[in-house]
Each structure stands twice: as structure tokens, then as C-alpha cells.
Amino acid sequence: MTVTYEDALASYEPVMGLEVHVELGTKTKMFCGCSTELKQDPNSQTCPTCLGLPGALPVVNAIGVESAIKIGLALNCDIAEWCRFARKNYFYPDMPKNFQTSQYDEPIAFNGYLDVQLEDGEVFRVEIERAHMEEDTGKSLHVGGATGRIHGASHSLLDYNRAGIPLIEIVTKPITGAGERAPEVAKAYVAELRELIKALDVSEARMEQGQMRCDVNLSLMKPGAEKFGTRSETKNVNSLRSVERAVRSEISRHAEVLNGGGTIIQETRHFHEDTGSTTSGRVKEEAEDYRYFPEPDLVPVAPSREWVEQLRAGLPELPRLRRNRLREEWGITQHDMQSVLNAGAIGPIVATIDAGADAAAARKWWMGELARHANETGVELGELPVTPEQVARVAALVQEGSLNDKLARQVLEGVLKGEGTPDEVVEARGLKIVKDEGALGAAVEEAIAGNPDIAKKVRDGKIQAAGALVGAVMKATRGQADAGRAREMILEKLGVEG
Amino acid sequence: MPGITREEVAHLAKLARLELSDGELDHFAGQLDAIIGAVAAVSDVSDADVPPTSHPLPLTNVMRPDEVRPSLTPEQALSGAPAQEQQRFKVPQILGEE
Ligand SMILES: [Zn+2]
């Protein structure tokens, strides 16, 4: 019998653990000088170190360590005075070394927290267990099977361009007390973490490109129980929406199993975007199965307190605090700010305001016309071929009365199509409000002559009816008339006071 | 000194995806036990004033600047591969996973 989400929450308390992997934006890999640019050409960015050839020695990337410390500090963590790398041994061809260089019981950062703001403004504190340094794996291509999946494949092909790219894994402590808001908390946490990583400028953190990947651990317990239930581990949940859906679907699935008298087995599960549900993967290997031991080829990392304090002093304003400041400056609601955040519009709007536009106009264009265009073309707002300066220029043209909103939209469309700057588009397309009193006057005469019934109503005092005449003028001038001025002239001609 | 049990050898063999017969398990458990016993002789000389270490050199913070160095060409990278296809390392079917 299917258990609804509400029923599940009535009987159980969800406990979550979120593990997020962030691919750093360093120029080179974590332990060798190979580029991280990831050209299409397979195996073109490898060397003896990242291929695990005998005799090759790894050396730590200083920016990789610096980025890890910055992330740790921004997450309010303690930074280890001394820590080591460890070998995580496993037999799987995505790492040619037969182990992944990671950190085990000595992470570089530990014991922190991240405050995340939910849609209604409530702040929920997520405790951070640790953030540690490791390296990404190669990419496998399974061939010979019907679907490109391991199951049924005859063999696999490996590209090691990604093997060795620096990763920071950020692990939360068990998140309890979120109750029915657990899915929302999970999504808000990953969203906030992504903003934080971007603000620190250590990664672009694009989830759709795999630069940030989330594993969702979930278990249920009876309210007041002492011990957590058995957890499932849903791997590679790679969008904010999927994080929310994965938590929700696992809560229902666990409740269904438990209510039916079954037991949850500790296993890896896969999330499917199309159905919004998970399916069973492999039964989890226990931690000791990886036979971690300190990496003998690397010396310990012991960040000096001076270095740590210097990095702390250089931290940017935290995204949540910055958002609250901007929200007040712009005079908008929490809900509106959430939309701006979800659209990835904070940066563009701030830059447009810096270029001279007022906040309302900057927000209007980025959240309206431009967001729509970004959605349609499937690119991020910040990647549209229009600069904040150009948007500010369009806003200025509207402000000074040279363009109305309709014309401004056409100007932006021209800019997006690569027709040039806003001024060039205005010139080339002939998009200026008609201010020529003669031409406007003629259009007004025509509108009145063509609509005698409406004109009579206005004369008789039904001033609202003038709107239809303004509409006729706008139509006749192909939208290029100054609507305010046209209305004035109509009322003047008909002898009524506006 | 605790040795290695037959069960542990079976467990490691499973992780390593090695199929061992009962006879082999007995055989390797005995051998590995002897090897580990020999290495464990080191613990006889360790002392409270000798801290455990993972590295013989008293060094920390050996790091390199984040500067790109030339990589191997794909041909060089693949030159030692027993099999290749589509400019990638070709490996046998990966078993026991979905
Ligand atoms: Zn390399």
C-alpha cells in the first residue's frame, strides 16, 4: 500500500545527511600539473602521476589547499593545524591507481555550520561534520549493452581527463528536526552552499555540468527514538529540484517499507529524473572495506595560523547576508528575492545597478524579458549575450522617454540577436518613440475620426474610454508613440480635462 | 599478534573480485598470516617515545603552484594499455555492479 508523504511524516521523523562534492576551478589537477580544461579529446590531459604509473610522485596543488581552507572558513569550520591525505583503496577502473587520494580521519576542515534561509524567511542551521580534499575519478563509457549502462555491457572504455581534478567533499552532520520541511531544507542547503562556493570564487559550481554533485542519505526514526534508522544513500542527485524530490520520495519509500513490517537495507540508490524516484543500486561496502591508510607519497599539510587568518580576513560577504542587505536596498519581499536567487539574477542585477540603472528597472528587465529568453534558450542568465551595461543603457533610454517598454523589449531582442549595442539597434531598427508633434497629431486626428462612437463617449465625460483611442494611435505608429503624450493630445482635442 | 583469518581472506578476495577455491583460501590464509607476522616484528621495536609516522622525512606543506605543465599525448598515455578503443583504455566488463 502506498504511503503518502503526509502519512509518512505523521509517523516518522526524517534524518538526513548530505554529501556534496565540489569540483574546484583550479587550472591544474590536485596532484599534478595536467590542465583541468577538459578538452573533448579523451586522454589528452593525463600524465604519469594521474595515470598512476610506477615511480610517479604526486605534489599537492597550493590553490587546491587554499580553496579548501576558504570553504572551511566560510562554513565556520575549524581548520586542522596538521592533516594528511589517505589512500582509499578500491578495485574499479575509474581510478587507474586502484585507489583515490582522499582524506580520512584527518580532514582539513571540521565542525562547522551553514545557516540556510527557507522560502518563508526562517533560518535553519545545518551542522557541518567535515570538508576534505580529494580527487575526481575518470569517466567510464559502457559499451556493448543496449542502454550504455553497466548492466549488459560487454566492456568499458575509460577516459582519465577528469581523474585527479580537485574535489572538496562537504559532509553534514545528521540533520534532524526538519520534519516535513526536510526536502525544502535539503534543497535550500545545497542552494546556499552553491552560492557560497561561487562567492568564494573557488568553483563555478554548475550542477548541470557536474561541478557540484550531491549524495542524499536518508533514514526515518520514530519520534523520540534514541537511535537513527538504517539509511539509504542516493547518489549523484544533480539539480536543486532533484535534491528536494529525492528526499521526498525516499521519505515515502522508507515509510512504506517500515509500515509493511519490512526493514531498510543499507544500500546505494540511483535517482531518476523522469520518475522522481530511486531504484536500488549496490549494497554498501562498509567504510573499512576501503582500507584507508595515510598516503606515503605526500607529506602532511600544516596550514600556518597566519595563512588561515589571512584567508579569513579575505572572505567575501556571505551570500545570505548579502541577499538580505540587497533585499532591503531594493525594497522587495523575501519571496521576490528567492525568485531572483533561483533565476541566478543577483549578479547581473547588481552589475546593472552599478552601471547606473535603478534597482526596479534592473530587476524588471533581468527577471522579465531576459529570464524568459534564458529559459527558452536553456542558458544561464549570466551567459546571455547582453552585458549589464547594455541593460542599464536600455533602462536609461526608457527613463529619458526615448523608448517605452514595448520598444525596449525589441531593443533587447536585437542586442541578444547580435545586432549591436542598444543605441545601434535603436538606430538600425528605427525604434524611437515618435515625439514629432506633427506626426503624432495626425495619428490622433485619424484615431478620433476612425472611432466616432468612442470619441463621443469621451466628450460626454467617460474619460476611461480614451484608452481605446490611445490604443489606436499606438497601433497606427507601430508602438513608437509616447502613449502619455498621445493621451494628453486626445483629451485636448476632445475638449476634456485629463 | 593476531593473524589473518580465512574469513578475512575471503572478504578481501570478494572486494578484489578474485574467485578463490576453498583450497586456495586455506593456502593463502596461511601464507598471508606468515607474511603479516613477519612484518609485525616492527611493532616489537616501537616505543612510546617513537610516534607513529607515515613519512620518513620531517617535512610538511610541500606544494606546487597552480601552473599547467604539459601532459602526455593520448598516444603516449595509451601506449602501455593492453587494449584500447575510441582513444580510451579498454577494460573487461565490470562485474557485480549496476
Ligand atoms: Zn596528470
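Residues numbered from 1 in each chain as written. Chains lettered and ligands numbered in written order. Predicted model: local features only at pLDDT ≥ 70, side-chain atom pairs only at ≥ 80, totals over all residues. Heavy atoms only, no water.

Engineer: I would appreciate a short explanation of the overall build of chain A in the present structure.
Structural biologist: Broken down by element type, chain A carries 16 helices and 15 strands. Against the globule reference of 23 Å for 498 residues, chain A gives a C-alpha radius of gyration of 29 Å, more extended than a compact globule. Based on the C-alpha atoms only, the size of chain A along its principal axes is roughly 90 × 55 × 55 Å. Across the 498 residues that make up chain A, the buried fraction comes to 52%. Restricting to contacts in chain A with at least 6 residues of sequence separation, those with at least 24 account for 68%. Carbon and sulfur atoms make up 49% of the accessible area of chain A, which totals about 22,200 Å². Once the 58 positive and 76 negative side-chain charges of chain A are each reduced to a mean point, those two points are 3 Å apart. (Helix = DSSP H or I, 4+ residues; strand = E, 2+ residues; numbered from the N terminus. Rg over C-alpha atoms; globule rule 2.2 N^0.38 Å. Buried < 20%, exposed > 50% of the residue type's maximum accessible area, 1.4 Å probe, protein only. Contact = heavy atoms within 4.5 Å. Areas by Shrake-Rupley, 256 points an atom, 1.4 Å probe, with all protein chains shown as cover. Lys, Arg positive; Asp, Glu negative; His and termini not counted. Charge placed at Lys NZ, Arg CZ, Asp CG, Glu CD.)

Engineer: Teacher, can you tell me more about the packing of aromatic side chains here?
Structural biologist: The geometry of an aromatic ring pair is captured by the separation of the ring centres together with the interplanar angle, meaning the angle of the planes. One pass over the full model with this rule turns up five aromatic pairs over all chains. Plain terms: the ring middles of A:Tyr104 and A:Tyr292 are 3.9 Å apart, the flat faces sit at 10° to each other, and that makes the pair stacked. With A:Tyr104 in the loop between β5 (99-102) and β6 (109-117) and A:Tyr292 in the loop between β14 (277-283) and β15 (293-294), this pair connects stretches of sequence that are 188 residues apart. A relative accessible area of 35% means that A:Tyr104 is categorised as partly exposed. Each ring, one from A:Tyr160 and one from B:Phe89, has its centre 5.1 Å from the other, and the planes form 55°; the classification is tilted. Of this pair, A:Tyr160 sits in the loop between β9 (155-159) and β10 (166-172) while B:Phe89 sits in strand β3 (residues 88-92), placing the two residues on different chains. Taken individually, A:Tyr160 and B:Phe89 each receive the classification buried, so the pair is uniform in this respect. Taken together, the ring pairs in this structure connect A:Tyr90, A:Tyr104, A:Tyr290 and A:Tyr292 into an aromatic cluster. The ring of A:Tyr113 has A:Arg125 sitting right over it, with the charged end atom 3.6 Å from the ring centre. Over the ring of A:Tyr12 we find A:Lys222, and its NZ or CZ is 4.7 Å from the ring centre. (Phe/Tyr/Trp six-rings, centres within 6.5 Å; stacked < 30°, edge-to-face > 60°. Lys NZ or Arg CZ within 6 Å of the ring centre and 35° of its normal.)

Engineer: I'm lost on the side chain of A:Glu267 in this one. Help?
Structural biologist: When you line up the elements, A:Glu267 lands in strand β13 (residues 267-272). Engagement of the side chain of A:Glu267 in a polar contact is seen with the side chain of A:Ser280, the distance being 2.7 Å. (Polar contact = N/O pair within 3.5 Å; in protein donor to acceptor, adjacent residues only side chain to side chain.)

Engineer: How should I be thinking about the interface of chain A and chain B in this particular structure?
Structural biologist: Interface size is commonly expressed as the accessible surface area that is lost when the partners come together. Taken together, the contacts link 58 residues of chain A with 36 residues of chain B. Summed over both partners, the interface of chain A with chain B buries about 4,100 Å², with 58% contributed by carbon and sulfur atoms. Summed over the shared surface of chain A and chain B, the number is zero salt bridges. Summed over the shared surface of chain A and chain B, the number is 19 residue pairs in polar contact (both at pLDDT 80 or more). Elements that contribute at least two residues to the side of chain A that touches chain B include exactly β2 (60-61), α2 (62-74), β8 (139-143) and β9 of chain A. Ranked by residue count, the leading element in the side of chain A that touches chain B is β9(A), at five residues. For the side of chain A that touches chain B, the class distribution of residues is 33 nonpolar, 15 polar and 10 charged. The sheet contact formed by β2(A) and strand β1 (residues 63-64) of chain B spans two bridges and is parallel. By the bridge assignment for β1(B), A:Val60 is matched with B:Met63. (Buried area = accessible area lost by both parts, 1.4 Å probe. Salt bridge = Lys/Arg side-chain N within 4 Å of Asp/Glu carboxyl O. Nonpolar A, V, L, I, M, F, W, Y, C, P; charged D, E, K, R; others polar. Pairing = 2+ DSSP bridges.)

Engineer: What is the right way to look at the coordination of the zinc ion in this model?
Structural biologist: Residue and element names in this part refer to chain A. Bound to the zinc ion are the protein donor atoms Cys32 (SG), Cys34 (SG), Cys47 (SG) and Cys50 (SG), situated 2.3 to 2.4 Å from the metal. The coordination sphere of the zinc ion comprises four donor atoms, whose angles at the metal cover 101 to 114°; the geometry is tetrahedral. Donor residues for the zinc ion sit on one chain with the sequence pattern C-x1-C-x12-C-x2-C. Remark: Cys50 occurs in the loop between β1 (13-23) and β2 and Cys34 occurs in the loop between β1 and β2; sequence separation between them is 16 residues. Judged by its relative accessible area of 1%, Cys34 falls in the buried class. (Donors = N, O, S within 2.8 Å, 3.2 Å for Na, K, Ca; no water. Tetrahedral: all angles 85-135°; square planar, octahedral: opposite > 155°, others 65-115°.)

Engineer: Where do I start with a nonpolar patch on the surface in this structure?
Structural biologist: Residues and elements named next belong to chain B. The grouping of Leu32, Ile35, Ile36, Val39, Val42 and Val45 at the surface amounts to a nonpolar patch, some 540 Å² of accessible area in total. Looking at the nonpolar patch, the elements with two or more residues in it are α2 (22-39) and α3 (42-45). Tracing the backbone through its elements, the reader meets Ile35 in helix α2. (Patch = residues over 30% accessible without salt bridge, like charges linked within 9 Å, V, L, I, M, F, W, Y side chains within 5 Å.)

Engineer: Please clarify how unusual backbone geometry should be interpreted in this entry.
Structural biologist: For residues besides glycine, phi is generally negative; the peptide bonds are generally trans as well. Residues and elements named next belong to chain A. Residue Asp201 is not a glycine yet carries a positive backbone phi of 60°. Within the element layout of this structure, Asp201 appears in the loop between α3 (182-200) and β11 (212-221). Of the residues examined, Asp201 reaches a relative accessible area of 67% and is grouped as exposed. Even without being glycine, Arg291 reaches a positive phi, approximately 45°. Within the secondary structure, Arg291 is located in the loop between β14 and β15. Since its relative accessible area comes to 35%, Arg291 is described here as partly exposed.

Engineer: How do you make sense of the packing of helix α10 (residues 388-399) of chain A against helix α11 (residues 405-416) of chain A when you look at a structure like this?
Structural biologist: Helix packing geometry: the angle between the two helix axes and the distance between the axes. Residues and elements named next belong to chain A. Relative to each other, α10 and α11 sit at 155°, their axes nearing to 10 Å. Looking at the two axes, α10 sits roughly antiparallel to α11. Classified by chirality, the crossing of α11 by α10 is right-handed. Here Gln390, Val394 and Val398 of α10 come into contact with α11, specifically with Asp405, Ala408, Val411, Leu412 and Val415. A per-class count over the contact of α10 with α11 returns six nonpolar, one polar and one charged. (Axes fitted to C-alpha atoms, helices over the stretch in contact; angles between N-to-C directions. Parallel < 35°, antiparallel > 145°, perpendicular 65-115°, else oblique. Left-handed = near helix turned anticlockwise from the far one by under 90°.)

Engineer: Teacher, can you tell me more about the domain arrangement of chain A here?
Structural biologist: Along its sequence, chain A is organised into domain 1 (5-311), domain 2 (343-429) and domain 3 (437-493). The C-alpha-based centres of domain 2 of chain A and domain 3 of chain A are spaced at 30 Å. (Domains from an automatic or database assignment.)

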